Amino acid sequence: MIVVTGATGNIGRTLVPLLAEAGEEVVAVSRQPQPAGLPAGVRHARADVGEAASMRPVLDGADAFFILLGGELNGHGESPNALLDVAGAAGVKRVVLLSSQLNSTRPEAPSHTRLREFEAAVRASGVEFTILRPGGFASNAFAWAESVRTKRTVFAPFADVALPVIDPADIAEVAAPALLDGGHAGRTYELTGPEAISPRRQAAVISEALGEEVAFVELSRQEAHAHMAQFMPQEVIGGTLDVLGIPLPAEQEISPDVENVLHRPARSFDEWVARNLPAFR
């Protein structure tokens, strides 16, 4: 049995069907009531990965555990060791943790202290583990969906700074074999897309896919900060803007890990847009 947290998100929606298609018993965990569209045979459990006690009955009898953190990243929830202790007591043999590229490139970043604590707990847990460190997500472009639909305009800072954003489906496809077999034990994978692409170019890709002009309006750092403050913790905003605006060379590099694991190139931003175009119509 494999337990997947964050089962209703951009990664979980792909990962859960992949595991079910592989013939595994899957438990899809979310904080919300059972979502629509779960594959046949997949069981839903309502629990909170930040509350180890709520995960105890979910993990009972599980062989593998995919950990995706949400509110816990802002310092909420118990010690990471509490969750790993529950997993170990339940008999979990393999853990895959979704972490972040920033734990490689900016290991002192205050915004990622919690993720570093989880990485340390996973490494010390005594179970087989794989750590996934993706860079920026292609799906962050969903933040532009409303303005594209209503104004045919993208508003974003740092118009021409390019980063190799990754399709969340590729993260899921790397996570699946890491959960299914021990050949990835002890590995840390840096996950990026196949090319660096700027916000201006991303807007152009959306425009081309729609067959209509989509304007690009560059925000100042101050304007972007004010916008992010509506949905992002203050302690995270500065670091996020630093990565978007003045990325380190390592944050602009293309990692081979997706291709090495999946034996195919990582999906491009164009492919992500083609698959998600209805959100922008």
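Residues numbered from 1 in each chain as written. Predicted model: local features only at pLDDT ≥ 70, side-chain atom pairs only at ≥ 80, totals over all residues. Heavy atoms only, no water.

Time to look at the side chain of R133. You can see R133 is positioned in strand β6 (residues 128-134). Here the side chain of R133 touches S104 through a polar contact of 2.6 Å, side chain to side chain. A polar contact of 2.7 Å, which involves the side chain of R133, links it to the side chain of E119. Beyond its immediate stretch of four places on either side in the chain, R133 contacts S99, S100, Q101, N103, S104, E119, R123, T188, Y189, E190 and L191. (Helix = DSSP H or I, 4+ residues; strand = E, 2+ residues; numbered from the N terminus. Polar contact = N/O pair within 3.5 Å; in protein donor to acceptor, adjacent residues only side chain to side chain. Contact = heavy atoms within 4.5 Å.)

On to helix α7 (residues 168-180). An ideal rise of 1.5 Å per residue puts 18 Å on 13 residues; α7 measures up with 19 Å between its terminal C-alpha atoms. Burial of α7 is extensive: twelve of the 13 residues sit out of reach of the surface. Near the N-terminus of α7, the side chain that reaches the backbone nitrogen of A169, with its oxygen 2.9 Å away, is that of D167. (Expected span 1.5 Å × (residues − 1). Buried < 20%, exposed > 50% of the residue type's maximum accessible area, 1.4 Å probe, protein only.)

Tracing the backbone through its elements, the reader meets H112 in the loop between α4 (102-105) and α5 (113-123). On a C-alpha basis, the gap between H112 and P57 in space is 29 Å, while along the polypeptide they are 55 residues apart. If we ignore the near neighbours within four places in the chain, the residues touching H112 are S100, L102 and N103.

Quick look at unusual backbone geometry now. We note that R152 has phi near 50°; this positive angle belongs to a residue other than glycine. Its place among the elements puts R152 in the loop between α6 (145-151) and β7 (153-157). Under the relative-accessibility criterion, R152 is labelled buried at 19%. Of note, the phi angle at H263 is positive, near 60°, even though the residue is not glycine. Within the fold, H263 resides in the loop between α12 (257-262) and α13 (269-276).

Strand order in this open sheet of seven strands is β3-β2-β1-β4-β5-β6-β8, and the pairing throughout is parallel. Lying at the two open borders of the sheet, with one neighbouring strand each, are β3 (43-46) and β8 (187-191). Taking the axes of each pair of neighbouring strands and ignoring which way they run, one obtains an average angle of 15° across the sheet. With three bridges joining them, strand β1 (residues 2-5) and strand β4 (residues 64-67) adopt parallel strand pairing. Along β4, the bridge assignment pairs I2 with A64. (Pairing = 2+ DSSP bridges. Axes fitted to C-alpha atoms, helices over the stretch in contact; angles between N-to-C directions.)

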